[in-house]
Amino acid sequence: MEPDLAGLIAPVDSLVFGPDPAKALEPFGRAIAAYDANPDPDELDGLLTTFGYVVLQFDEYYGLPLDRTLEILDDLERRHREAGNSLRIVHFSRWLIARHLGDRATAEAQYEACLAAPRDEFAWCEGCEQVYQVRHLIETGRPEQAVAVAEAAFADPVDGCHQQPQALLTAALPGYVAVGDLEAAADAHRTAYRMVRNDPDELFAHAQHIRFCVLTGNQERAEELVERHAEGLEADVSQYDALAFCVAAGRTLGEGEFTERAWRLAASFDRRNGTTHQGELVKTQLAERQWVAELELFGDGGCAEQLAAVRARPDDPVAGWELARARIDLAHRMHLEERNLEAAEIGEQVLSALTDPGIAALADPQSLQVLRNVLFAAYLELNEPEAALPQAELVLANVPPDAGPDWLGMVLRKKGELLEQLDRDGEARDTLVAAAAQYRLAGLAHEQVGALRLAAQSARYIGELDEAESLLDEARVVVDQLDAEDLRSATTDAVVQWELAMVRDMQGRLSEAIELALVSAALYEAVGQLESASNARDYVENRQSRLRPGF
C-alpha cells in the first residue's frame, strides 16, 4: 500500500536538514508525483513548505545540483502563482542562490522583489530574513542601511526566531565598524558570541566572530576562538559553515591545514556552480586588511602595562600572574558597574591563565576569593546556571573566616536555586534546607521561611510529598512568630499557603487545596500583589470545576 502524501513528505523533511540533503531529492520527487496524480488542496500547503526547505539548502551543501535546484524553484513559483500566493519565498530563495553564485545584479533584483512581496504563511522566518538583509547590505557597500535595519529589528524583535538577537548582532559586526560605532561593535561581539559559544552547531557564527576579532586587532582572542571551536568541524555542520570557519581560521593563523581545506571546499562549490565566485571570496578574505588597528573588547586598556609585559615575556609566570591579578581587579570593577558580561569574560581569561602551574603557584587566596565571587555573581546575573554552579561550590569550599550565617544562607540559597533550575531537585532540597538553617542562625526569619518553601517545592517536584509537607509545617511555625505589622509577613504566609495547596493538590485532596489557595489569594490581595492573587483565584476556579457533578 502506497503511503499518503504526509508519509512521503516526512522523510524529505528529515533528510533535507541532514548531512546530505541531496538524498532528499528522490523521495521529494515521489511526493510531488503522488500529489500531482491525486491533488488534494488540503495537502498543498505542506508540499509547498517542503519545496522551500529543499531549495534553501542549496548554498549550504555542494551536493545539491544547480540545475535540479532551479527546476524545483521554477516549479515552486508556478505552484504559488496558481494558488494565488505571495512569491516572497520564491524571491528570497532566488536572492540567496544568486548571492551564492556571485550574480550581483540578480541578487539585488531578487532582494528588492523579496522585500516588496507581501509576507504570508510560506515566507521564511522574518527574523532570519532580517539577518540576510543585513548581510546583503554590508556586502553591497551599504553599511549605514545595514545598521539601520539591525537597530530597527532590535527595537521590535521577532517572536520565536531562534536566530535573534545573536545572528543579527553577528551579521551587523562589520557594519558597526564601517560606520565608526566601535563601542556598539564590541558590545555586539560580546553579547552575541556568549550566546553561541557553547553550541557546536553555530560554527558559522564562530567563524564570523573569529573574523571580527582578527580584523579588529584582537589576534590573541581570534587564535583562542580558533582553538576552542576547531573541533566543530567534525560536528554535524554544513559544508558552507565549514568553509566559513576554515577561511576565518586561515586568516588568523596563516597558510596551513585550514586554508587548504577552505580551498578544497570552495573548489567543490565552484565546480557545482560553474563559477569561480567562492574561490574568489576565499582569496579576498584570506588577504583582507584589518578594519581597525585595535578595538578594545574587554577593557584590557586598564591592564595595558601588564599585558605588554606578558607579550614581552610570554614564559614568565610572574608577568602572567601580574596580568591575571590586574584582570581580577578589572573584572571586579566591571561587576560593580553591572557590566557582568565583561566581568565574566575577563574572569574567564584569568581562569585560563591559572591553568599554567607557574602562574597558579603565585596566586594569593584573597585574589582567588574575589575571582570566585565575581564569576559566581556575574553568571547569576547572566542566567548561566551551568557556569554558576561550579563557582558556587568553589565559594562554599573556600568560606572566609569572617563569613556570617547571613552570607552563607544567601550563597546556599542561590546554589539551591541553581540546582533546581538544572532539575537536580533532590540536591536542591538538601541545599535549601541548609540555607534555611543558616538563616535561622542569623535571625532572618523571612529568609528562613523562603528557603524552606523552596526546599518543599523541590521535594514536591520529585514526588516527596510527605517531606514537602514536613518542611512547610516547619515554615508555618516560623510564620506564626512573624510580626503581623510587617507587610512582608503576609507575603511570606501567602507563599507558604500556596505551596501547601500545591502539595494537597498532588495528594488528591482538592477541597483542602482550594481552601489553602483562597487563603493565599486573600493574603496577596491584602498587600496589593494582585497578579499573584489572580493566579491563585484562577487555580481555584479551575479546580472547583473538577468537584462539580458530571466532571
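For the structure itself, consult the block above.
Let me begin by describing the structure that accompanies this report. (Residues numbered from 1 in each chain as written. Predicted model: local features only at pLDDT ≥ 70, side-chain atom pairs only at ≥ 80, totals over all residues. Heavy atoms only, no water.)

## Description of the overall build of the chain
Step number 1: For the chain, the helix and strand inventory stands at 28 helices and zero strands.
Step number 2: Looking at the chain as a whole, 50% of its 551 residues are labelled buried.
Step number 3: Contacts spanning at least 24 positions in sequence make up 62% of the contacts within the chain whose residues lie at least 6 apart.
Step number 4: Accessible surface, the chain as shown: approximately 26,200 Å² in total, 49% of it carbon and sulfur.
Step number 5: Separation between the mean location of the 49 positive side-chain charges and that of the 97 negative ones in the chain comes to 2 Å. (Helix = DSSP H or I, 4+ residues; strand = E, 2+ residues; numbered from the N terminus. Buried < 20%, exposed > 50% of the residue type's maximum accessible area, 1.4 Å probe, protein only. Contact = heavy atoms within 4.5 Å. Areas by Shrake-Rupley, 256 points an atom, 1.4 Å probe, with all protein chains shown as cover. Lys, Arg positive; Asp, Glu negative; His and termini not counted. Charge placed at Lys NZ, Arg CZ, Asp CG, Glu CD.)

## Description of the side chain of Gln278
Step number 1: Of note, Gln278 is situated in helix α15 (residues 277-286).
Step number 2: Among residues more than four places away in sequence, those in contact with Gln278 are His100, Tyr240, Leu243, Ala266, Phe269, Asp270 and Asn273.

## Thoughts on the environment of Leu523
Step number 1: As for its position among the elements, Leu523 is in helix α27 (residues 510-526).
Step number 2: You can call Leu523 buried: its relative accessible area is 19%.
Step number 3: Each C-alpha atom, one on Leu523 and one on Arg339, is 38 Å from the other, the two residues being 184 residues apart in sequence.
Step number 4: What Leu523 contacts, discounting residues up to four positions off in sequence, is Ala490, Asp493, Ala494 and Gln497.

## What to know about the packing of helix α13 (residues 239-253) against helix α14 (residues 257-273)
Step number 1: At their nearest, the axes of α13 and α14 sit 8 Å apart, and the two run at 145° to each other. The crossing of α13 and α14 is left-handed. Here α13 contributes Gln239, Tyr240, Ala242, Leu243, Phe245, Cys246, Val247, Ala249, Gly250 and Leu253 to the contact with α14, which in turn contributes Phe258, Thr259, Arg261, Ala262, Leu265, Ala266 and Phe269. (Axes fitted to C-alpha atoms, helices over the stretch in contact; angles between N-to-C directions. Left-handed = near helix turned anticlockwise from the far one by under 90°.)

## A word on the packing of aromatic side chains
Step number 1: One pass over the structure, following the stated rule, counts eleven aromatic pairs.
Step number 2: Ring centres of Tyr62 and Phe269 lie 5.4 Å apart, and the angle between their planes is 85°; this geometry places the pair in the edge-to-face category. Here Phe269 lies in helix α14 and Tyr62 lies in the loop between α3 (41-55) and α4 (66-83), a separation of 207 residues in the sequence.
Step number 3: Between Tyr240 and Phe269, the ring centres sit 5.6 Å apart and the planes meet at 75°, which makes this aromatic pair edge-to-face. Linking Tyr240 in helix α13 with Phe269 in helix α14, this pair joins segments that are 29 residues apart in sequence. We note that Tyr240, like Phe269, is buried.
Step number 4: Through a chain of ring-to-ring contacts, three or more aromatic side chains come together here, namely Phe92, Trp95, Tyr111 and Tyr132.
Step number 5: Cation over ring: Arg135 sits above Tyr132, and NZ or CZ is 5.1 Å from the ring centre.
Step number 6: Above the ring of Phe58, the side-chain terminus of Arg272 is found at 3.6 Å from the ring centroid. (Phe/Tyr/Trp six-rings, centres within 6.5 Å; stacked < 30°, edge-to-face > 60°. Lys NZ or Arg CZ within 6 Å of the ring centre and 35° of its normal.)

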